[in-house]
Amino acid sequence: MTSTPHSPSALEIPVTDLKGVTEVVREKLAKLGLVTVGDLLFHLPMRYQDRTQIYALGNLRAGQEVLVEGEVEQTDVIMRNRRMMVCKISDGSGQLILRFFHFNASQQRGLARGAWVRCFGEVRQAGNHLEMAHPEYRIVQNNDPAPISDALTPVYPSTEGLQQRTLRRLIELALEQAQNLPELLPPALVQRYQFPPLADCLQVLHNPPPTLATRTLLEGKHPLQQRLIFEELLAHQLGVQQARHKVKQVLAPQMLAPNTYFKQLLTLLPFKPTGAQQRVMGEIEQDLRATSPMNRLVQGDVGSGKTLVAVAAALQAIANGYQVALMAPTELLAEQHYQNFSQWFSPLGLEVEFISGSQTPRQRKRKVENLLLGISQIAIGTHALFQRTVEFLQLGLIIIDEQHRFGVHQRFELREKGKQGEHYPHQLVMTATPIPRTLAMTAYGDLDYSVIDELPPGRQPITTVAISNERREEIIDRIALACSQGRQVYWVCTLIEESEALQCEAAEKTEQMLKERLPHIAIGLIHGKLHGSEKEQIMAAFKANELQLLVATTVIEVGVDVPNASLMIIENAERLGLSQLHQLRGRVGRGSVASSCVLLYQAPLGKTSRKRLDALRQSQDGFKIADIDLEIRGPGEVLGTKQTGEARLRIANLVRDQRWLAEVQQAARLIVAKHPELTPLLIRRWLQQADGDSAAQFFHS
Ligand code: ADP
Ligand code: MG
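What you see is a predicted model, and the numbers here were worked out from it, not measured in a lab. (Residues numbered from 1 in each chain as written. Chains lettered and ligands numbered in written order. Predicted model: local features only at pLDDT ≥ 70, side-chain atom pairs only at ≥ 80, totals over all residues. Heavy atoms only, no water.)

Participant: Hey, could you go over the sheet that holds strand E17 (residues 462-468) for me, with residue numbers and the actual values?
Facilitator: Across the sheet, which stays open at both edges, the six strands sit in the order E17-E22-E21-E18-E20-E19 with parallel pairing between neighbours. Looking along the sheet, the strands with just one partner apiece sit at the ends: E17 and strand E19 (523-526). Ignoring which end each strand starts from, the neighbouring axes of this sheet average 20 degrees apart. Relative to strand E22 (residues 595-601), E17 is paired through seven bridges, and the arrangement is parallel. Bridge assignment links Thr464 to a residue of E22, and that residue is Cys597. Each of E17, strand E18 (488-492), strand E20 (549-552), strand E21 (565-570) and E22 is contacted by helix H16 (residues 472-484), which is oriented at about 150 degrees to E18, the strand it contacts most. (Pairing = 2+ DSSP bridges. Helix = DSSP H or I, 4+ residues; strand = E, 2+ residues; numbered from the N terminus. Axes fitted to C-alpha atoms, helices over the stretch in contact; angles between N-to-C directions. Contact = heavy atoms within 4.5 Å.)

This is how it looks when you write it as structure tokens:
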């Protein structure tokens, strides 16, 4: 490297100045957001491999990534769908199969009977034996025992065609400049938490010395990691706050006129809003009266009555002469909302349009016109609402139901689409996914947050039982009994296979079986493959109690509301996520009769599965269930951000590092008040990512 040590500019040197960075390598690095030497320093290992000890073959468990050694007993090339080489090794304590799909003749010769091999790879269960597919391996000579590594090996996030070796080498070079990194944490914070110097942290994380406690490092608990975790969470928090601040800078329609429509609706409703509903409605009302756009997340457990809150918001917009778009994640749910809203809005003299992806342009023509001319006040639909062909005269409010299906970028996109002149529409997002508050502030920090923490009165608790598949018979009797008492039943077919076609097929078979077993009961079937209008008909028939038993796939997961249904059977419950089960179960227990939910599982149950089903049996509190779910599955899945890339973090983990969240929020306030110049630097350091929909891009836009 050419520049002198201790010059900050050494960090700005492009990676191309490093030895061996060809154009191809440069491109790959750029894909990872690595442009300068400084960027390389913050490309942290996503995990470590432990190659410091050799495991006995007899002690292996599936899922472990380990170093093993053994003598080749037999190597064969076989045909099973495709050609493969299968090699059996043993070390006296047990055996292991090595499986190779790409191999050459010299490899085959090298793995001859009697040779000693050392391999590194992931152990997996295959039938009744353990194996490693494509391990890294080498032949060990008897008289020359190859040394094993005495430190953990870092594994970096990479991209196709960029080898770990290359990354390790370049990062090694970059580490020479670590001393030049500016300290971005104010001295008060460094002192308060006794953080070690930044350069030391990076050195150790990229290059763990053998003396280091491997355990704490693997678990992300080492003090040197804590400093970086803190800094990353802080940068993230600042980014989110900045986004929120930017959003508040723009204009939105001020909705000051009183909500006369809602007052009128209340006189027609058979119930009164709960205290929690009233509180949240008040918060929304204030938001809508402001000159900057509302961006509010309303969280309320299944059945807490989020729809009414949405209705109140919509009516305020309409009373002020604006239109409303209500978007739901599935056509079924959108359709339900359409039914409900139509029913409530027609006595008020208001027009509702239903827009769905399965409508033909002809079917849609009139609806689109009505919206464009302002004849209709509200459009309800799926994301089809935001296609180019749908336009509004005066869109003032966007409501997104069951937000966990949408990502931050989509939310942002919608906002842009709804822009009219200088004004952005208000946004209200509703979710049943219970998110612990600190986590919500980090993951959805750009939104204000309200909770409906009270269920409407008179709800009966749902009794939940877990029953093995072998006891299906008892369930048939239960269904017959419930129906004879005038109740209705859901039977939910789930399959782990992602294929929708298979799900539907399974549901059809179940329907057949139930029709044979329960000939006196009116049974309907609903799944994703039915057309919109067919789904509508079936749902309407079930709602009207013309169907007593509804066999369904998980299309009914969210939002479906039939209070007379009081029994739900969920197949393959052990394979579903806890939050999803809780959502599904929320389809019953909506009326005044006691409901029950039967979780059918395939025996034997693993330990984790048992724990999950128990959690569900013992609790009906969405928050509690979410906490357990978080523990088991991690935040990406719980927040539904896996696909959308929200809250993508390099070293921090929102669950593991939860204890930092409150501290970080406090630190962010300190920075904003006393060291505002640090904000862009921290954001640049931690949130810069290259792949198109990067967090930094979002926070900067
Ligand atoms: P979710 O929060 O799951 O979307 P919904 O809005 O679908 O819940 O409401 C669930 C049921 O509770 C609906 O049948 C709705 O009419 C009813 N409901 C809503 N608010 C109240 C209330 N304050 N009192 C009684 N029932 C209510
Ligand atoms: Mg709902």
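Participant: So what's going on with the site of ligand 1? Which residues, and what values?
Facilitator: Lys272, Gly303, Thr307, Arg459 and Asp561 are the nearest of the 16 residues found near ligand 1. Contact between ligand 1 and Thr307: an oxygen atom at 2.6 Å from a side-chain N or O atom of the residue. With the chains in place, 87% of the 570 Å² that ligand 1 exposes on its own is no longer accessible. Class assignment for the residues of the shell around ligand 1 results in four nonpolar, six polar and six charged. (Near = heavy atom within 4 Å. Polar contact = N/O pair within 3.5 Å; in protein donor to acceptor, adjacent residues only side chain to side chain. Areas by Shrake-Rupley, 256 points an atom, 1.4 Å probe, with all protein chains shown as cover. Nonpolar A, V, L, I, M, F, W, Y, C, P; charged D, E, K, R; others polar.)

Participant: Please give an account of the packing of helix H6 (residues 198-206) against helix H8 (residues 223-249) that cites residues and values.
Facilitator: Closest axis-to-axis distance for the H6/H8 pair is 9 Å, and the angle between their directions is 110 degrees. Classed by the angle they form, the pair H6 and H8 counts as roughly perpendicular. Taken as a pair, H6 and H8 cross one another with a handedness that is left-handed. The segment H6 lies against H8, with Leu198, Asp200, Cys201, Leu202, Val204 and Leu205 engaging Leu224, Gln225, Arg227, Leu228 and Glu231. In terms of residue class, the contact of H6 with H8 is made up of seven nonpolar, one polar and three charged. (Parallel < 35°, antiparallel > 145°, perpendicular 65-115°, else oblique. Left-handed = near helix turned anticlockwise from the far one by under 90°.)

Participant: Give a description of the sheet that holds strand E10 (residues 295-300) that names residues and reports values.
Facilitator: The strand order E12-E13-E11-E14-E15-E10-E16 describes an open sheet built from seven strands, whose pairing is parallel. A strand with exactly one partner marks an edge of an open sheet, and here the two such strands are strand E12 (352-355) and strand E16 (448-452). If you compare each strand with its neighbour and ignore which way they point, the axes differ by 20 degrees on average. In the packing of helix H13 (residues 361-372) onto the sheet, the strands contacted are strand E11 (323-327), E12 and strand E13 (378-381), and the crossing angle to E12 comes to about 130 degrees.

Participant: How would you sum up the pattern of salt bridges? Please name residues and give values.
Facilitator: Evaluation of the coordinates by the stated rule reveals 20 salt bridges. Here Arg684 makes a salt bridge to Asp39, at a shortest N to O gap of 3.5 Å. Of this pair, Arg684 sits in helix H24 (residues 678-687) while Asp39 sits in helix H2 (residues 37-41), and the two are 645 residues apart along the sequence. Residue Arg684 is classed as partly exposed on the basis of its relative accessible area of 33%. A salt bridge links Arg472 to Glu571; the shortest N-O distance between them is 2.4 Å. Of the two residues, Arg472 sits in helix H16 while Glu571 sits in the loop between E21 and helix H19 (578-585), which places them 99 residues apart along the sequence. (Salt bridge = Lys/Arg side-chain N within 4 Å of Asp/Glu carboxyl O. Buried < 20%, exposed > 50% of the residue type's maximum accessible area, 1.4 Å probe, protein only.)

Participant: So what about unusual backbone geometry? Which residues, and what values?
Facilitator: Glycine aside, residues mostly have negative phi, and peptide bonds are mostly found in the trans state. Looking along the chain, the bond that leaves Ala603 and enters Pro604 is cis, with omega of -5 degrees. Unlike most non-glycine residues, Asn81 shows phi in positive territory, near 65 degrees. Note that Asn81 resides in the loop between strand E3 (65-80) and strand E4 (82-90). Backbone geometry at Asn572 places phi at a positive 50 degrees, although glycine is not the residue there. A residue is classified by how much of its surface remains accessible, and Asn572, at 15% relative accessible area, is buried.

Participant: Requested: an account of a nonpolar patch on the surface, with residues and values cited.
Facilitator: A cluster of nonpolar side chains, namely Leu372, Leu373 and Ile375, defines an oily patch on the protein surface of about 280 Å² accessible area. Within the secondary structure layout, Leu373 lies in the loop between H13 and E13. (Patch = residues over 30% accessible without salt bridge, like charges linked within 9 Å, V, L, I, M, F, W, Y side chains within 5 Å.)

Participant: Which residues make up the environment of Asp50, and what values go with them?
Facilitator: Structurally, Asp50 can be placed in the loop between strand E1 (47-49) and strand E2 (54-55). With a relative accessible area of 14%, Asp50 lands in the buried category. Sequence separation between Asp50 and Leu218 is 168 residues, and the spatial gap between their C-alpha atoms is 8.9 Å. Apart from the residues within four sequence positions on either side, Asp50 is in contact with Phe120 and Leu152.

Participant: Now, about the packing of aromatic side chains: what can you tell me, with residues and values included?
Facilitator: Applying the stated rule across the entire model yields twelve aromatic pairs. Aromatic pair Phe42 and Trp686: ring centres 5.2 Å apart, planes at 75 degrees, arrangement edge-to-face. Here Trp686 lies in helix H24 and Phe42 lies in the loop between H2 and E1, a separation of 644 residues in the sequence. Here Phe42 and Trp686 have matching classes, each one buried. Considering the side-chain rings of Tyr193 and Phe230, the 5.1 Å spacing of their centres and the 50 degrees angle between planes classify their relative orientation as tilted. Highlighted residues: Tyr193 in helix H5 (residues 187-193) and Phe230 in helix H8, separated in sequence by 37 residues. Accessibility assignment for this pair places Tyr193 and Phe230 in one class, buried. (Phe/Tyr/Trp six-rings, centres within 6.5 Å; stacked < 30°, edge-to-face > 60°.)

Participant: Go over the packing of helix H11 (residues 306-319) against helix H12 (residues 331-345), please, and point to the residues and values.
Facilitator: Here H11 crosses H12 at 55 degrees, and the two axes come no closer than 12 Å. Here H11 is positioned oblique relative to H12, judged by the angle of their axes. The two elements H11 and H12 cross, and the hand of that crossing is right-handed. Along the contact surface, H11 presents Thr307, Val311, Ala314, Leu315 and Ile318, while H12 presents His337, Phe341, Trp344 and Phe345. Of the residues that constitute the contact of H11 with H12, the class distribution is seven nonpolar, two polar and no charged.

Participant: Could you give me a rundown of the environment of Ala310, with the residues and numbers involved?
Facilitator: One can find Ala310 in helix H11. Take Ala310: its relative accessible area is 1%, and that puts it in the buried class. For the pair Ala310 and Ile399, spaced 89 residues apart in sequence, the C-alpha separation works out to 7.2 Å.

Participant: How would you summarise the pairing of strand E15 (residues 426-431) if you had to cite specific residues and measurements?
Facilitator: With six of six residues buried, E15 lies mostly within the body of the structure. Because side chains alternate across E15, one face comprises the buried residues His426, Leu428 and Met430, and the other comprises Gln427, Val429 and Thr431, equally buried. By the bridge criterion, five bridges tie E10 to E15 in an arrangement that is parallel. Bridge pairing in E15 links Gln299 to Thr431. By the bridge criterion, five bridges tie strand E14 (residues 395-401) to E15 in an arrangement that is parallel. Residue pairing in the sheet places Leu397 in a bridge with His426 of E15.

Any functional reading would require information that these geometric values do not contain.
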